[in-house]
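Reading the structure
So the chains spell out like this:
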Amino acid sequence: MDLATLIGLGAGTAVVLMAILMGGDFMTFVNVPSLLIVIGGAVAATVLRFTLADVLIALKTGISAALGQSKSTPRMLIQEISELAQRARKQGLIGLDGAEISHDFLKKGVQLCVDGLTFEFVKDALSRDRDLYIERHEEGEKIFRALGDAAPAFGMIGTLVGLVQMLSNMEDPQAIGPAMAVALLTTLYGALISNLVALPIADKLASKAQLEYVLRTLVIEGTLHIQNRTNPDIMVEFLSAYLPEGQREAPA
């Protein structure tokens with residue numbers, strides 16, 4: 001579970017709710033038609049720009065990326081790859097068959113080596129898998145960014161609709177204030193959905209995709225070193241380039 005996402009979403013929601021409750025009645029800020037205009041319009045505009053299947057996949061990917069937390073770090077992977085390399089040098093690649101491996105992508109790479117596939121085949125297969133995985137995250141980022149762009153626009157559209165309705169019925173001056181308040185709610189909903197949900201999730205997807213690209217590239221290079229029976233110490237020194245400067249001492 002990614003605590004940063006929960007803390008950010010919870011804190012943002014709490015601040016807005018506190019401001020509403022301290023300033024008046026909460027139900028004043030609830031208007032179902034306004035909410036339908038913003039959410040329905042933003043989703044409709046996004047579906048127009050992308051396929052429905054892509055939007056559904058992006059929603060699943062976005063929620064998973066926002067709430068999920070990677071269990072692996074570059075340092076942990078280097079440690080695990082080093083142990084596998086030492087085992088491969090002593091027992092051969094067949095000795096890695098059935099080995100307990102925590103990272104699924106590394107497990108797949110090691111299995112390709114155990115199956116006796118060529119260097120080029122292993123490299124191409126893992127690189128293609130990595131690139132397609134990152135591509136799915138990037139597509140999800142684009143879709144959530146599109147939602148973030150569309151929500152404020154439809155909030156403004158809803159406000160304009162409300163203003164037109166209000167100005168077309170000016171007989172009762174006392175109704176102008178409440179009607180104006182309702183008209184402005186769609187702008188509020190659009191801003192909240194965009195800046196508290198859609199755009200942060202898009203940025204989170206971009207961040208997670210960048211991290212995953214580094215991890216999977218590290219795994220690819222480590223797997224190829226294992227297949228080539230590279231000396232584990234030399235391999236660790238080579239893979240340490242993926243670590244920050246202060247962490248580049250050889251993993252224990």
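Scroll up a little and you will see the structure.
First, a word on what this report is: a plain description of the structure on this page.

Thresholds applied
Residues numbered from 1 in each chain as written. Predicted model: local features only at pLDDT ≥ 70, side-chain atom pairs only at ≥ 80, totals over all residues. Heavy atoms only, no water. Core = buried A, V, L, I, M, F, W, Y, C linked by side-chain atoms within 4.5 Å. Buried < 20%, exposed > 50% of the residue type's maximum accessible area, 1.4 Å probe, protein only. Helix = DSSP H or I, 4+ residues; strand = E, 2+ residues; numbered from the N terminus. Contact = heavy atoms within 4.5 Å. Expected span 1.5 Å × (residues − 1). Bend = angle between axes of the 7 residues up to and from the residue. Salt bridge = Lys/Arg side-chain N within 4 Å of Asp/Glu carboxyl O. 1 Å grid on protein atoms, 1.4 Å probe; cavity = no way out; pocket = protein on both sides within 12 Å on 5 of 7 lines; lining within 4 Å. Points joined across faces, edges and corners; volume = space filled by probe spheres on them. Nonpolar A, V, L, I, M, F, W, Y, C, P; charged D, E, K, R; others polar. Phe/Tyr/Trp six-rings, centres within 6.5 Å; stacked < 30°, edge-to-face > 60°. Lys NZ or Arg CZ within 6 Å of the ring centre and 35° of its normal. Axes fitted to C-alpha atoms, helices over the stretch in contact; angles between N-to-C directions. Parallel < 35°, antiparallel > 145°, perpendicular 65-115°, else oblique. Left-handed = near helix turned anticlockwise from the far one by under 90°.

**Some remarks on the nonpolar core**
The biggest cluster of nonpolar side chains holds 29 residues, and the ones touching the most others in it are Ile81, Leu84, Leu96, Leu106, Val110 and Ile226. Where this core is concerned, the elements lending two or more residues are α4 (74-91), α5 (104-114), α6 (119-167), α7 (176-227) and α8 (232-239). Discounting chain neighbours no more than four positions away, the residues touching leucine 106 are Leu77, Glu80, Ile81, Leu84, Ile101, Val219 and Thr223. Within the second largest apolar cluster, 14 residues are counted, among which are Val38, Ala42, Ala150 and Ala151.

**Overview of α7**
Here α7 contains 52 residues, and its C-alpha end-to-end distance of 75 Å stays within 8% of the 76 Å for a straight helix at 1.5 Å per residue. Within α7, the axis deviates most sharply at serine 194, by approximately 40°.

**Section: the pattern of salt bridges**
Evaluated as defined, the whole model comprises six salt bridges. In this structure, the salt-bridge partner of lysine 108 is aspartate 129, at a minimum N-O distance of 2.5 Å. In this pair, lysine 108 is assigned in helix α5 and aspartate 129 in helix α6, connecting sequence segments 21 residues apart. Among the residues examined, lysine 108 registers a relative accessible area of 37% and is labelled partly exposed. Taking the shortest distance from any N to any O, the salt bridge between arginine 145 and glutamate 141 comes out at 3.2 Å. Within this pair, arginine 145 and its partner glutamate 141 are both found in helix α6, separated by four residues, close to a single helical turn. Its relative accessible area of 28% is what places arginine 145 among the partly exposed residues. Here the residues in one salt-bridge network are Lys108, Asp129, Glu212 and Arg216, joined through shared partners.

**Brief notes about the side chain of threonine 5**
With respect to the helices and strands, threonine 5 occurs in helix α1 (residues 3-23). With relative accessibility at 16%, the residue threonine 5 sits in the buried group. Threonine 5 has contacts with Ala66, Leu67 and Lys204, leaving out every residue within four places of it along the chain.

**As for the layout of surface pockets**
Considering only enclosed or pocket space, the largest pocket measures out at about 500 Å³ in volume. Those elements that provide at least two residues to the lining of the largest pocket are α3 (52-67), α5, α6 and α7. Here the element with the most residues in the lining of the largest pocket is α7; it accounts for four residues. Residue classes in the lining of the largest pocket are distributed as four nonpolar, nine polar and five charged. The computed volume of the second largest pocket comes to approximately 330 Å³. Around the second largest pocket sit 14 residues that line it, and Thr13, Val16, Tyr189, Leu192 and Leu196 are the ones nearest its centre. Counting residues per element, the ones that place at least two in the lining of the second largest pocket are α1 and α7. Of all the elements, α7 adds the most residues to the lining of the second largest pocket, at six residues. Residues that form the lining of the second largest pocket fall into these classes: 13 nonpolar, one polar and no charged.

**Description of the environment of glycine 41**
Relative to the helices and strands, glycine 41 is located in helix α2 (residues 32-49). Overall, glycine 41 belongs to the buried group, its relative accessible area being 9%. Spatially, the C-alpha atoms of glycine 41 and isoleucine 157 are 9.4 Å apart, while their sequence positions differ by 116 residues. In contact with glycine 41, other than residues within four places in its own chain, are Leu36 and Phe154.

**As for the packing of aromatic side chains**
By the definition in use, this model includes zero aromatic pairs. One cation-aromatic arrangement involves arginine 216 over phenylalanine 105; the distance from NZ or CZ to the ring centre is 4.6 Å. The ring centre of tyrosine 133 lies 3.8 Å from the NZ or CZ of arginine 216, which sits over that ring.

**Some thoughts on the side chain of threonine 61**
The topology assignment puts threonine 61 in helix α3. Once residues lying within four places of it in the same chain are set aside, the contact partners of threonine 61 are His137 and Leu205.

**Quick notes on the packing of α2 against α7**
Between α2 and α7, whose axes approach to 9 Å, the crossing angle comes to 40°. One way to sum up the angle between α2 and α7 is to call them oblique. Like other packed secondary-structure pairs, α2 and α7 cross with a definite hand, here right-handed. The residues of α7 that touch α2, namely those facing Ser34, Leu35, Val38 and Ile39, are Val182, Leu185, Thr186, Tyr189, Gly190 and Ile193. Partitioning the contact of α2 with α7 into residue classes produces seven nonpolar, three polar and no charged.

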